[in-house]
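Below are the chains, spelled out letter by letter.
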Amino acid sequence: IKAAAPKVAEVVKATPPPPPPAVVTQAAPAVTKAVAKSATDVSTSGPSGSYSKVSYYTTLALYAASFPGLWSQIKRSTSAKMKQKTYVSPGANSFEGKTQREQAGEIMAYMKANNYEVQDAGEVITFRGIVQRSTSQAFFLVFCTALGMASLALVLQIQFQDLVLPVIGKPNWFYLTLL
């Protein structure tokens, strides 16, 4: 630590003293003109193209291709899934066969273990699911939808920066999240 301190002091001593105020006053107009000229050169030359248009449109196409997945997730998550299964098993007279009552009991136990209850018991037994609607799943779907719509709004805002519609003027795409 002691060896580093003299080097810092040497660097400070080696820097030249600041110029007198008269020199600064004389150089200020020239510096101002140079800065103004470089600023006009930058503003007239247009954007420097800090991104690749190929990359931009590839990303936009991938986003457009994946956005229908949000609609699919919402549509499939909120609909009831109806299943119809027919169980066929060997009869009571076959080798290791079970009686109809034993078979029905096994199927009934299996379905009750998987959260189903008997809705109709006749020649055909109908089971109905007893899983309740989930409010946490509904909140999660609302959150995912709002996030997806916000990302769509961001993409639309970037893509259509100068769009002006006849009635409403320049649209605020983030209102899409309220849908």
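See the structure printed just above.
Position numbers for residues start from 1 in each chain and track the written sequence from start to end. In keeping with the model being predicted, local features are shown solely for residues with a pLDDT of at least 70 and side-chain atom pairs are shown and tallied solely at 80 or more, while totals for entire chains, interfaces and linings include all residues. Only heavy atoms go into the side-chain values, all of them from the structure, while hydrogens and water stay out.

**Remarks on the overall build of the protein chain**
The number of helices and strands found in the protein chain is 6 helices and 2 strands. Numbering of helices and strands runs from the N terminus; a helix is a DSSP stretch of H or I covering at least four residues, while a strand is a stretch of E covering at least two. Listing the helices and strands of the protein chain from first to last along the sequence gives α-α-α-α-α-β-β-α. By the burial criterion, 8% of the 179 residues in the protein chain qualify as buried. Here, Shrake-Rupley sampling with a 1.4 Å probe gives the accessible areas, and only protein chains in the shown set may cover a residue. Per element, the accessible surface of the protein chain, about 15600 Å² overall, is 64% carbon and sulfur. The cut-offs for exposure are 20% and 50% of the maximum accessible area for each residue type, with area from a 1.4 Å probe on protein chains only; residues under the lower value are buried, those over the upper are exposed, and the others partly exposed.

**Things to note about the layout of surface pockets**
In this approach, a probe sized like a water molecule rolls over the atoms, and the result shows the empty space that is left. Each pocket or cavity is described by its volume, and for the largest pocket that value is around 2000 Å³. Here the term cavity refers to a set of points on a 1 Å grid, laid over the protein atoms alone, in which a 1.4 Å probe fits but cannot get out; the term pocket refers to an open set having protein on both sides within 12 Å along at least five of seven lines, with lining residues being those that place an atom within 4 Å of a point. Considering the residues around the largest pocket, the lining is formed by 49 residues, among which Lys 83, Met 111, Tyr 116, Phe 127 and Arg 128 are closest to the centre. The element contributing the most residues to the lining of the largest pocket is helix α5 (residues 100-113), with 8 residues. Grid points are joined across faces, edges and corners, and a volume is the space filled by probe spheres set on the points.

**Focus: the nonpolar core**
Within the largest apolar cluster, 5 residues are counted, these being Met 149, Leu 152, Ala 153, Leu 156 and Trp 173. The contact criterion used is simple: two residues touch if any of their non-hydrogen atoms lie within 4.5 Å. Excluding anything up to four places from it in sequence, Trp 173 contacts Ala 153, Leu 156, Gln 157, Phe 160 and Leu 163. Nonpolar core, defined: a set of buried Ala, Val, Leu, Ile, Met, Phe, Trp, Tyr and Cys residues in which side-chain atoms within 4.5 Å join the residues together.

**Notes on the packing of helix α4 (residues 68-77) against helix α6 (residues 135-159)**
Note on geometry: axes are C-alpha line fits, over the in-contact stretch for helices, and angles between N-to-C directions span 0 to 180 degrees. Running from amino to carboxyl end, α4 crosses α6 at an angle of 165°, the nearest separation of the two axes being 10 Å. In this view, α4 runs roughly antiparallel relative to α6, as classed from their interaxial angle. Judged by the twist between their axes, the crossing of α4 over α6 is left-handed. When α4 is examined against α6, the residues Leu 70, Gln 73, Ile 74 and Ser 77 are found in contact with a partner set consisting of Gln 137, Phe 140, Leu 141, Cys 144, Thr 145, Gly 148 and Met 149. Looking at the contact of α4 with α6 residue by residue, the classes come out as 6 nonpolar, 5 polar and no charged. Oblique is the label for any angle not under 35 degrees, not over 145, and not in the 65 to 115 range, which are roughly parallel, roughly antiparallel and roughly perpendicular in turn. In this scheme the handedness of a crossing depends on how the near helix is turned from the far one: anticlockwise by less than a right angle means left-handed, clockwise means right-handed. Under the convention adopted here, Pro, Cys and the residues Ala, Val, Leu, Ile, Met, Phe, Trp and Tyr are nonpolar, Asp, Glu, Lys and Arg are charged, and Gly plus all remaining residues are polar.

**Observations concerning the pairing of strand β1 (residues 116-121)**
Look at any regular strand and the pattern is simple: side chains alternate between the two faces of the sheet. Pairing geometry for β1 and strand β2 (residues 125-129), over 5 bridges, is antiparallel. When the sheet's bridge partners are listed, Ala 121 is paired in β2 with Ile 125. Pairing between strands requires that DSSP locate at least two bridges from one strand to the other.

**Some words on the environment of Leu 152**
Checked against the element boundaries, Leu 152 lands in helix α6. Residues Leu 152 and Ala 64, spaced 88 residues apart in sequence, show a C-alpha to C-alpha distance of 9.1 Å. In contact with Leu 152, other than residues within four places in its own chain, are Tyr 63, Phe 67 and Leu 176.

**Examining the side chain of Gln 103**
Within the element layout of this structure, Gln 103 appears in helix α5. In this structure, Gln 103 is in contact with Ser 89, Pro 90 and Lys 98, ignoring residues within four places of it in sequence.

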